[in-house]
Amino acid sequence: MQDFGKPADLAFEARLAQLDTLRYRVHAHTTLPGQRTRVAVTLKTLHSPQHQGDESLHARLRRVLAHFFPAAWTLFLVGRSIDDEGVEALTYRASAALPKDAPTDLPALARAASTETVALLGPEISMTVDLDDYRRRIGALKQEALRAVVREREALAAASGRQWEIRDIQTRCASLPGCPGISTPASGFDACSVEDGVSLVLEVTLGADSPVLH
């Protein structure tokens, strides 16, 4: 019993007479076009009403966000604490749609946009997909991969003169960056990652009767 990659070369055919089990993987891939991609960041700041100055807190935060990435930002408060002197430590989350021509080095841009009073942390990329469309595409992708397995089994039978049967198939569906429920640090973001889609892997085991040695 031996493990092999996908049976594709001529040298492999010469060894078929000595084998009774084949294991290999089928990789399939589909994209999820037209999905909504967003970038999210955390902002931390200290705020004292006595030393607010001419600029309001929200104006200051939005100025930092605009420096980081010009967009229609949604901003909301997620944490607040006050010390004995009345200084507030505030944590905000902000998110915005990410266009296709967005810059790729978002962590560096976040560091450059931070100021002495506002720290901009952890850009993350996420995607919201149509789950019905997602399931349809996965189902179609799996059927296509299964048809490929059947064709390979038939090719093995023709090459070896023996009947091969499908003994086991294990399927793994790996969500790539930007798939349902997935948020990825922007350090892993590149121009293609948000549209990579879904990768399907079939672990296939084919078997035949043990060869008769003469």
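Residues numbered from 1 in each chain as written. Predicted model: local features only at pLDDT ≥ 70, side-chain atom pairs only at ≥ 80, totals over all residues. Heavy atoms only, no water.

Asks: Looking at this model, I keep getting lost on the pairing of strand β4 (residues 88-97). Mind explaining?
Replies: Both faces of the sheet carry side chains from a regular strand, because those side chains alternate between them. With seven of 10 residues buried, β4 lies mostly within the body of the structure. Direction of pairing for strand β3 (residues 74-82) relative to β4: antiparallel, over a ladder of eight bridges. Following the sheet pairing, F76 is matched in β4 by R93. Where β3 folds back onto β4 in an antiparallel hairpin, the turn is made up of five residues, including G86, whose phi is positive at roughly 85°. (Buried < 20%, exposed > 50% of the residue type's maximum accessible area, 1.4 Å probe, protein only. Helix = DSSP H or I, 4+ residues; strand = E, 2+ residues; numbered from the N terminus. Pairing = 2+ DSSP bridges.)

Asks: I keep staring at the pattern of salt bridges and nothing clicks. Help me out?
Replies: Here the idea is simple: oppositely charged side chains can pair when their charged atoms come close. Using the criterion set out here, one finds five salt bridges in the structure. The salt bridge partner of E203 is R25, with a shortest N-O separation of 2.9 Å. Here E203, found in strand β8 (residues 198-207), pairs with R25, found in strand β1 (residues 21-30); they are 178 residues apart in sequence, far enough to count as distant. What makes E203 partly exposed here is its relative accessible area of 25%. Note that E88 and R80 form a salt bridge whose closest N and O atoms lie 2.5 Å from each other. For E88, a relative accessible area of 12% translates into the label buried. The exposure class of R80 is exposed, given its relative accessible area of 53%. Sharing partners across several salt bridges, the network here consists of R25, R172 and E203. (Salt bridge = Lys/Arg side-chain N within 4 Å of Asp/Glu carboxyl O.)

Asks: Which parts of the structure should I look at to understand helix α2 (residues 57-68)?
Replies: Helical periodicity: at 3.6 residues per turn, an α-helix aligns residues three or four positions apart in one direction. If you check α2, its first and last C-alpha atoms are 17 Å apart, about what 12 residues at 1.5 Å a residue would give, namely 16 Å. Buried within α2 are the following residues: L57, R60, L61, V64, L65 and F68. Across the axial projection of α2, the buried residues extend over an arc of 135°, all falling on one side. (Expected span 1.5 Å × (residues − 1). Arc of directions from axis to C-beta.)

Asks: Mind showing me how you'd approach helix α3 (residues 106-113) here?
Replies: Every buried residue of α3 is listed here: L106, P107, A110 and A113. The arc that holds every buried residue of α3, seen down its axis, measures 125°, which confines them to one face. Every exposed residue of α3 that faces more than 90 degrees away from the buried side is listed here: R111 and A112.

On their own, these measurements won't tell you what the molecule is for.
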